[in-house]
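Structure assessment
Listed below, chain by chain, are the residues.
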Amino acid sequence: MKALLLYPKFPQSFWSYDRFMEIAGLKAVIPPLGIITVAALLPSDWEIRFYDRNVSLENEADWQWCDLVILSAMLVQKPDFHALIQKAVRLGKKVAVGGPYPTSVPQDALDSGANYLILDEGELTVPLFLDAIAQGQPKGIFRSAEKPDVTISPMPRFDLLQRDAYLMMAIQFSRGCPFNCEFCDIISLYGRKPRTKEPSQTLAELQTLYDLGWRGSLFIVDDNFIGNQRNVKRFLRELIPWVKAHNYPFTFITEASVNLAEDDEMLQLMGEAGFYAVFLGIETPDQDSLQVTRKQQNTRQPLVEACHKINQAGLLIYAGFILGFDGERPGAGERIQAFVEQTNIPQPMLGILQALPNTALWTRLEKEERLLTGIGVGEVGDQNTLMNFVPTRPMTEIAQEYINGLWQMYEPQNYLRRCFQQCLNIKLPTTQRQTMQFSPGKGIQLVAQLIWLQGWQRQEIRGQFWQQLWQIITQKPQVLNMYLGLCAAGEHFWEYRQLATERISEQLRSNAIAVNPVQPTKIAVMVD
């Protein structure tokens with residue numbers, strides 16, 4: 001079998017870092033770990049060609065060559081995903097699809113013409129697909145109610161990647177999350193019991209990347225890295241001597257729940273292992289909204305104190321925030337802005353709440369007949385979108401707070417000040433040599449571009465840039481790479497806030513938004 005594996009394009013979004021990629025001479029932030037793991041599950045006698053379309057495009061000869069096209073996609077990749085299915089159908093090629101988007105909304109892929117749906121987790125469903133192919137079945141949907149033991153997951157095909165095109169490499173240690181946030185689809189996709197790989201298994205993946213020549217930052221893509229705290233600590237205790245023996249070739253970033261701040265031992269181990277940053281799902285400083293969305297883990301200690309403690313452990317904080325929870329009081333956007341100023345989180349990801357398919361939120365809103373069609377991320381495949389349900393306060397009010405918040409938080413002087421203060425707040429472990437790593441060639445290009453753009457062209461921040469840079473160099477040179485990377489990312493966010501404003505404004509106009517909010521008293525009864 002000749003299989004063409006394609007990873008669809010991402011639209012310009014908060015996480016695409018488009019301008020940053022251009023400045024640094026890169027193509028994408030991280031590689032698609034899922035589809036290169038699927039590649040490792042395919043028979044050894046199959047011929048494989050792989051393209052991450054965010055890095056390089058396949059050509060017509062590849063389409064003519066293949067017998068089968070395999071796609072994996074997230075919801076945000078929706079437009080290119082469907083375009084690729086439809087092209088394969090026109091060319092008479094069989095199409096197999098998988099990943100979070102087809103798993104959540106299988107009918108979309110079927111409607112576009114996909115022949116095989118390899119849903120849920122590939123360790124269990126790819127073998128079912130291969131059996132069907134061997135038996136000559138022309139189509140099929142392959143699912144598994146069970147969750148695989150990820151210790152059987154194969155080594156991803158890192159060799160298929162154009163590694164020098166990425167900002168970071170990626171590995172996965174665990175799947176699943178123990179919490180029960182109403183809006184989150186991770187628990188519906190991967191379950192509430194975190195399953196982990198063996199430490200030796202993960203170290204073998206790191207060794208493979210090391211042997212392939214990778215040096216630099218590495219994203220552990222777990223949706224909640226500390227979901228299984230006992231096993232994570234086992235891994236970290238073996239990771240620490242490995243990075244020491246290899247002269248600290250990687251620095252790590254991951255995602256975790258805010259209760260990380262409650263575990264001093266975990267924070268210490270992460271610092272010793274070379275973790276430099278963590279993404280936290282803070283969502284909102286409003287305690288009542290956290291209760292409504294079942295995010296109790298964020299209510300156990302003051303969130304500002306938790307962030308300060310994580311900084312003190314040597315970790316830069318990235319964080320997500322959401323507007324539009326049921327019963328949310330006016331001014332939620334301003335309260336998020338105030339929280340960001342208190343904590344100096346450089347890159348707050350502000351979003352408008354979406355009801356994703358198969359989440360508890362979706363199920364509740366469907367029963368309440370509050371879901372809207374033709375609007376939301378599920379329709380347009382883009383995160384810059386209005387909510388897809390009737391909220392408890394005017395949608396225009398929520399949209400305005402979103403635009404105002406994004407615009408103010410990413411005003412260039414505000415942004416650079418937070419980057420500077422966050423870097424100064426971080427207390428680095430004595431074992432940590434450098435926070436964020438770039439390859440030498442890419443690093444030189446990035447610094448040269450940054451000095452030209454912010455040190456010369458942008459007059460409104462030119463003086464601030466040089467003053468803060470000098471203080472970082474003289475006071476805390478260990479965070480220099482981190483600081484420069486954050487500054488360069490500003491070029492992306494200053495474009496992105498304009499794009500987001502235009503997209504939301506256009507949706508308000510085109511949808512002629514006049515949705516009456518649901519009465520909060522009625523919602524309170526429904527939630528109870």
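Per-chain numbering applies: the sequence of each chain, read as written, is numbered from 1 onward. Thresholds applied to this predicted model are a pLDDT of at least 70 for local features of residues and 80 or more for the giving and counting of side-chain atom pairs; totals over whole chains, interfaces and linings are not thresholded and use all residues. Hydrogens and water are ignored here; the side-chain numbers use all heavy atoms of the structure.

1. A few points about the nonpolar core
Quick reminder of the rule: The criterion is simple. A nonpolar core is a set of buried Ala, Val, Leu, Ile, Met, Phe, Trp, Tyr and Cys residues joined through side-chain atoms within 4.5 Å. Exposure classes here rest on a 1.4 Å probe applied to the protein chains alone. A residue is buried below 20% of its type maximum, exposed above 50%, and partly exposed in between. Any two residues whose heavy atoms approach within 4.5 Å at even a single point are treated as in contact.
Ranked by internal contacts, the top residues of the largest apolar core, which has 147 residues, are Leu-236 and Leu-239. Non-local contacts of Leu-239, meaning those with residues more than four positions away in its chain, are made with Leu-203, Leu-206, Phe-252, Ala-273 and Phe-275. Among the nonpolar cores identified, the runner-up in size contains 23 residues, and Ile-85, Ala-88, Val-95 and Val-377 belong to it.

2. Focus: the sheet that holds strand S10 (residues 216-220)
Let me state the cut-off plainly: Strands qualify as paired when DSSP identifies two bridges or more between them. Each helix is a run of H or I in the DSSP string that is no shorter than four residues. Each strand is a run of E no shorter than two, and both are numbered from the N terminus. The convention used is that axes are lines fitted to C-alpha atoms, helices contributing only their stretch in contact, and that angles between N-to-C directions extend from 0 to 180 degrees.
Spatially, S7-S10-S11-S12-S13-S14 is the arrangement adopted by the six strands of the open sheet, whose pairing is parallel. What marks the edges here is a single partner per strand, and that holds for strand S7 (169-171) and strand S14 (348-352). Sheet twist, expressed as the mean angle between neighbouring strand axes with direction ignored, is 20 degrees. As defined by bridge partners, strand S12 (residues 275-283) adjoins strand S13 (residues 316-323) across six bridges and the pair is classed as parallel.

3. Remarks on the sheet that holds strand S3 (residues 68-72)
The pairing of strands in a sheet happens through backbone hydrogen bonds and is either parallel or antiparallel. Spatial strand order, S2-S1-S3-S4-S5-S6: six strands in an open sheet with parallel pairing. Edge positions in the open sheet fall to strand S2 (47-52) and strand S6 (140-142), since each of these has one partner strand only. On average, each strand axis in the sheet is tilted by 15 degrees relative to the strand beside it, whichever way the strands run. The strands touched by helix H2 (residues 33-41) within the sheet are strand S1 (2-7), S2 and S3, with S1 carrying the most contacts at an inclination of about 165 degrees.

4. Examining the side chain of Arg-393
Put simply, the rule reads: Definition of a polar contact: a pair of N or O atoms within 3.5 Å, with one able to donate and the other able to accept a hydrogen when the atoms are protein atoms, and with sequence-neighbouring residues admitted only if both atoms are side-chain atoms.
By the secondary structure assignment, Arg-393 is in the loop between helix H16 (377-380) and helix H17 (395-409). Accessibility expressed as a relative area gives 5% for Arg-393, which makes it buried. Among the polar contacts listed, one links the side chain of Arg-393 to the side chain of Glu-397, at a separation of 2.7 Å.

5. What about the packing of H17 against helix H21 (residues 480-510)?
Put simply, the test is: In what follows, roughly perpendicular refers to angles from 65 to 115 degrees, roughly parallel to angles under 35, roughly antiparallel to angles over 145, and oblique to any angle outside these ranges. For any helix crossing, the convention is left-handed if the near helix is rotated counterclockwise from the far helix by under a right angle, and right-handed if that rotation is clockwise. All residues other than Ala, Val, Leu, Ile, Met, Phe, Trp, Tyr, Cys, Pro, Asp, Glu, Lys and Arg, Gly among them, are scored as polar; the first ten of these are nonpolar and the last four charged.
Running from amino to carboxyl end, H17 crosses H21 at an angle of 170 degrees, the nearest separation of the two axes being 9 Å. Between H17 and H21, the interaxial angle falls into the category roughly antiparallel. Note that H17 runs across H21; the crossing there is left-handed. Residue-level inspection shows Thr-396, Ala-399, Tyr-402, Ile-403, Leu-406 and Trp-407 of H17 in contact with H21, the latter providing Tyr-496, Arg-497, Gln-498, Ala-500, Thr-501, Ile-504, Ser-505 and Leu-508. Per-class residue counts for the contact of H17 with H21 are nine nonpolar, four polar and one charged.

6. Side note on the side chain of Gln-297
If you trace the backbone, Gln-297 turns up in the loop between helix H12 (287-292) and helix H13 (303-312). Those residues within four positions of Gln-297 in sequence are excluded, and the remaining contacts are Phe-179 and Cys-181.

7. Examining the packing of aromatic side chains
Which entries qualify depends on this criterion: The criterion for an aromatic pair is that two Phe, Tyr or Trp rings (for Trp, the six-membered ring) have centres within 6.5 Å, with stacked assigned to planes under 30 degrees apart, edge-to-face to planes over 60 apart and tilted to the rest. For a Lys NZ or an Arg CZ to count as sitting over a ring, it must be within 6 Å of the ring centre and within 35 degrees of the ring normal.
Within the structure shown, the criterion is met by 27 aromatic pairs. Measuring from ring centre to ring centre gives 5.8 Å for Tyr-7 and Phe-10, while their planes differ by 65 degrees; the resulting arrangement is edge-to-face. Judged by centre distance (5.7 Å) and plane angle (70 degrees), the ring pair of Trp-15 and Phe-279 falls under edge-to-face. Of the two residues, Trp-15 is situated in the loop between S1 and helix H1 (18-24) and Phe-279 in strand S12; the sequence distance between them amounts to 264 residues. A relative accessible area of 32% places Trp-15 in the partly exposed class. A cation over a ring is seen here: Arg-418 above Tyr-410, with NZ or CZ 5.8 Å from the ring centre. The positively charged end of Arg-497 is found above the aromatic ring belonging to Trp-407, 3.8 Å away from the centroid.

8. Details of the environment of Ala-313
The topology assignment puts Ala-313 in the loop between H13 and S13. Residue Ala-313 is classed as buried on the basis of its relative accessible area, which comes to 17%. In sequence terms Ala-313 and Tyr-276 are 37 residues apart; their C-alpha atoms lie 9.5 Å from each other.

9. Some words on unusual backbone geometry
In this structure, Asn-247 takes a positive phi of about 60 degrees despite not being glycine. Among the structural elements, Asn-247 can be located in the loop between helix H10 (229-245) and strand S11 (250-256). According to the relative accessible area criterion, Asn-247 is partly exposed, its value standing at 49%. In this structure, Arg-294 takes a positive phi of about 65 degrees despite not being glycine.

10. Quick word on the packing of helix H18 (residues 412-425) against H21
For the pair H18 and H21, interaxial distance at closest approach is 10 Å and the crossing angle is 155 degrees. The angle between the axes of H18 and H21 places the two elements in the roughly antiparallel class. For H18 against H21, the interelement crossing comes out right-handed. Here Pro-412, Tyr-415, Leu-416, Cys-419, Phe-420 and Cys-423 of H18 come into contact with H21, specifically with Met-482, Tyr-483, Leu-486, Cys-487, Ala-489, Gly-490, Phe-493, Trp-494 and Arg-497. Per-class residue counts for the contact of H18 with H21 are 13 nonpolar, one polar and one charged.

11. Observations concerning the pairing of strand S4 (residues 94-98)
Note the following rule: Call a crossover right-handed when, viewed with both strands pointing away from you, the route from the first strand across the helix to the second goes clockwise.
In terms of burial, S4 is a largely internal element, four of the five residues being buried. Strand direction decides the pairing type here: S3 and S4, joined by five bridges, are parallel. Bridge pairing in S4 links Ser-72 to Gly-98. In terms of handedness, the path from S3 via helix H4 (residues 78-90) over to S4 forms a crossover that is right-handed.

12. Section: helix H7 (residues 122-134)
Definition in use: In this analysis, the expected span of each helix is defined as 1.5 Å times one less than the number of residues it contains.
The end-to-end C-alpha distance of H7, which contains 13 residues, comes to 17 Å, matching closely the 18 Å that a straight helix rising 1.5 Å per residue would cover. Elements that come into contact with the buried residues of H7 comprise H2, S3, S4, strand S5 (116-118), S6 and strand S8 (174-175). Note on H7: the residue one or two positions beyond its end, Gly-136, has a positive phi of about 80 degrees.

13. Side note on the pattern of salt bridges
Put simply, the test is: By convention in these notes, a salt bridge is any Lys or Arg side-chain nitrogen within 4 Å of a carboxyl oxygen on Asp or Glu.
One pass over the full model with this rule turns up 35 salt bridges. Close ionic contact of Arg-195 with Glu-121 constitutes a salt bridge, the shortest N to O distance being 2.8 Å. Within this pair, whereas Arg-195 is found in strand S9 (residues 195-196), its partner Glu-121 is found in the loop between S5 and H7, the two being separated by 74 residues in sequence. Each of the two residues, Arg-195 as well as Glu-121, counts as buried. The network of salt bridges with common partners includes Glu-182, Asp-326, Arg-364, Glu-368 and Arg-370.

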